[in-house]
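Coordinate analysis (summary)
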Amino acid sequence: MAIDIKIQAIKNSKIGTVDFNNLSFGKVFSDHVFQCDFINGNWQNPTIKPNEPILLNPAAKIFHYGQSIFEGMKAYKDESGNVFLFRPSENCRRLNISANRLMMPEIPEELFIQGIENLLKIDNDWIPSADGSSLYIRPFMFASSDGLRASPSDSYTFIITTAPSGAYFSEKIKVLIEEKYARAANGGVGYAKAGGNYAAQFYPTQLAIEKGYDQVIWTNDNSHEFIEEAGAMNIFIRIGDVLITSPTNDRILDGITRKSILQIAQDNNIYVEVRKISVNEVIQAAKQGHLKEMFGSGTAAVISPISSFGYQGTEYELPEIFETYASFLKKKITDIQTNKSKDPYGWRVKV
Ligand SMILES: *Cc1c(COP(=O)(O)O)cnc(C)c1O
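These figures come from a predicted structure and were not determined experimentally.

Here's the deal with the nonpolar core
The nonpolar side chains of a soluble globular protein tend to be buried with one another. F34, W43, I107, F112, L120 and F158 are the most contacted members of the largest nonpolar core, which totals 36 residues. Of all the secondary structure elements, the ones that give two or more residues to this core are β2 (32-39), β3 (42-50), β5 (73-77), β6 (83-86), α2 (88-101), α3 (109-122), β7 (134-143) and β8 (156-165). If one sorts the elements of this core by residue count, α3 sits on top with six residues. If we ignore the near neighbours within four places in the chain, the residues touching W43 are C36, D37, F38, P105, E106, I107, P108, L111, M141, Y156 and F158. By size, the runner-up hydrophobic cluster in this structure holds 23 residues, among which are I173, I235, M294 and F309.

In structure tokens form, the structure reads like this:
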């Protein structure tokens, strides 16, 4: 059923001020946002309006108690101007998993999907079509009622904002295996895309950057023995010809790219193992020459290959190999996303 969305179109588009040949990630925003408010127990006022600052009371609960969750997804435009989303229902499902954990209201899927689709229609010119580029979509929800009591908010705001993004250069990253800090703990919120999880990563990541690394490899919180995630990405490790990734749990975000990689790998005769993988196993494999690849996976870069990792003061280089799983899988996934190949899974959704 079509939801009645109020449209307040911008008077003067900003698109003329944007250099589409020089887009960095998430810095330029399209003309409009979709907004919807949760008031008195219902989602109301679905509106598309100009992308402008929002007014909040200084006592709005988001500022004090951090009820804030988000999603990250992309729209792709093919050569003929057709626009596609990739597994958008999965993003809605996950937003609602995050919402439940943060004691926030679920968003109905029709509202989520129709909000995005209508926004993409009005801001269609903002969706880049150059190879590798896309429109990054950021749906998010926050506690908007006022009050300094540490309790859940009564009202919430859901907004979808979008940002045209150029081809994301996946330069290989240098990573540091974390031995002290943790991004998530059992019973915590690591599996939710909650704003505070990222705030908590910045400090340990900065310490790693000061040592010359790009990212932290998160290990399990109590013993730091097992490899869990790469920054804000899931992680894959290839030992010999086996592709290994940790099972999802309380501490690991259930990535849609991760899920898609697992499916594509299995269907292309890449042997995958979803199991715990220890730091020690990776180091032994590196020493014996069996460690072939490590890469992160996530919507923004799809796949980010890792060139080396540091652990307890030692650097371990990954070999330069031809025909990596990383490049094979990245091509398979992006070809589906951008309508360059068949989509046997029904993941691509035409807008
Ligand atoms: C978003 C995210 C991912 C990747 O999820 P995708 O659905 O593949 O984009 C992985 N880990 C963390 C911590 C994340 O926030």
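Examining the domain arrangement of the protein
Interface size is commonly expressed as the accessible area that is lost once the parts come together. Splitting the protein by domain gives domain 1 (6-165) and domain 2 (173-337). For domain 1 versus domain 2, the distance between C-alpha centres works out to 28 Å. Contact with domain 2 buries surface across domain 1, with F86, R94 and R101 losing the most and accounting together for 35% of the total. Remark: the boundary between domain 1 and domain 2 carries one salt bridge. Of the charged contacts, one joins K259 and E90 as a salt bridge, the two residues approaching to 2.8 Å between their closest N and O atoms. Across the contact surface, domain 1 and domain 2 share 11 residue pairs in polar contact (both at pLDDT 80 or more). Those elements giving two or more residues to the side of domain 1 that touches domain 2 turn out to be β4 (68-70), β5, β6 and α2.

Rules behind the numbers
- Residues numbered from 1 in each chain as written.
- Predicted model: local features only at pLDDT ≥ 70, side-chain atom pairs only at ≥ 80, totals over all residues.
- Heavy atoms only, no water.
- Core = buried A, V, L, I, M, F, W, Y, C linked by side-chain atoms within 4.5 Å.
- Buried < 20%, exposed > 50% of the residue type's maximum accessible area, 1.4 Å probe, protein only.
- Helix = DSSP H or I, 4+ residues; strand = E, 2+ residues; numbered from the N terminus.
- Contact = heavy atoms within 4.5 Å.
- Domains from an automatic or database assignment.
- Buried area = accessible area lost by both parts, 1.4 Å probe.
- Salt bridge = Lys/Arg side-chain N within 4 Å of Asp/Glu carboxyl O.
- Polar contact = N/O pair within 3.5 Å; in protein donor to acceptor, adjacent residues only side chain to side chain.

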